[in-house]
Amino acid sequence: QVQLVESGGGLVQAGGSLRLSCAASGSIFSLNAMGWYRQAPGQQRELVASITSGGYTNYADSVKGRFSISRHNALNTVYLQMNSLKPEDTAVYYCNANISVTTLTAQRPYWGQGTQVTVSS
């Protein structure tokens, strides 16, 4: 069993900051790319940021320069530092990780339960 547990969401005023964390646990052989997605009410889930096991990062245009993704490989944890938050950043944020559970198993995506981020104007 593999679990992704997120923390760090909450309510913040516009211009404020939040830091999300997501820890992967369980039967993990290899932990590959990790990322954060978000879904606002009535909207499709969208990629916010991703990071490979080697540290290569990718960001949605809407968050470039404001958000920063990082990871601690020894702790199987990925972080999302969110600065200069805007009301349009309000959404449920989901952690995603591509994991292989054995040497013979292809990697597949796992998802966290989601954490609410609300930015008030």
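See the structure printed just above.
Residues numbered from 1 in each chain as written. Predicted model: local features only at pLDDT ≥ 70, side-chain atom pairs only at ≥ 80, totals over all residues. Heavy atoms only, no water.

A.B. asks: Give me the lowdown on the environment of S27, citing residues and values where you can.
C.D. replies: Along the polypeptide, S27 turns up in the loop between strand 3 (18-26) and strand 4 (30-39). Note on S27: relative accessible area 39%, which makes it partly exposed. In this structure, S27 is in contact with Q1, V2 and V101, ignoring residues within four places of it in sequence. (Helix = DSSP H or I, 4+ residues; strand = E, 2+ residues; numbered from the N terminus. Buried < 20%, exposed > 50% of the residue type's maximum accessible area, 1.4 Å probe, protein only. Contact = heavy atoms within 4.5 Å.)

A.B. asks: Break down the pattern of salt bridges for me, citing the residues and quoting the values.
C.D. replies: Throughout the structure, instances matching the rule amount to four salt bridges. Between K64 and D61 there is a salt bridge whose closest N-O contact spans 3.1 Å. You can call K64 partly exposed: its relative accessible area is 49%. Exposure remark for D61: the relative accessible area of 64% places this residue in the exposed category. For R66, the salt bridge identified is with D89, shortest N-O distance 2.8 Å. Linking R66 in the loop between strand 6 (57-59) and strand 7 (67-72) with D89 in the loop between strand 8 (77-82) and strand 9 (91-100), this pair joins segments that are 23 residues apart in sequence. The buried category is assigned to D89, whose relative accessible area is 1%. Salt bridges linked by common partners bring R38, E46, R66 and D89 together as one network. (Salt bridge = Lys/Arg side-chain N within 4 Å of Asp/Glu carboxyl O.)

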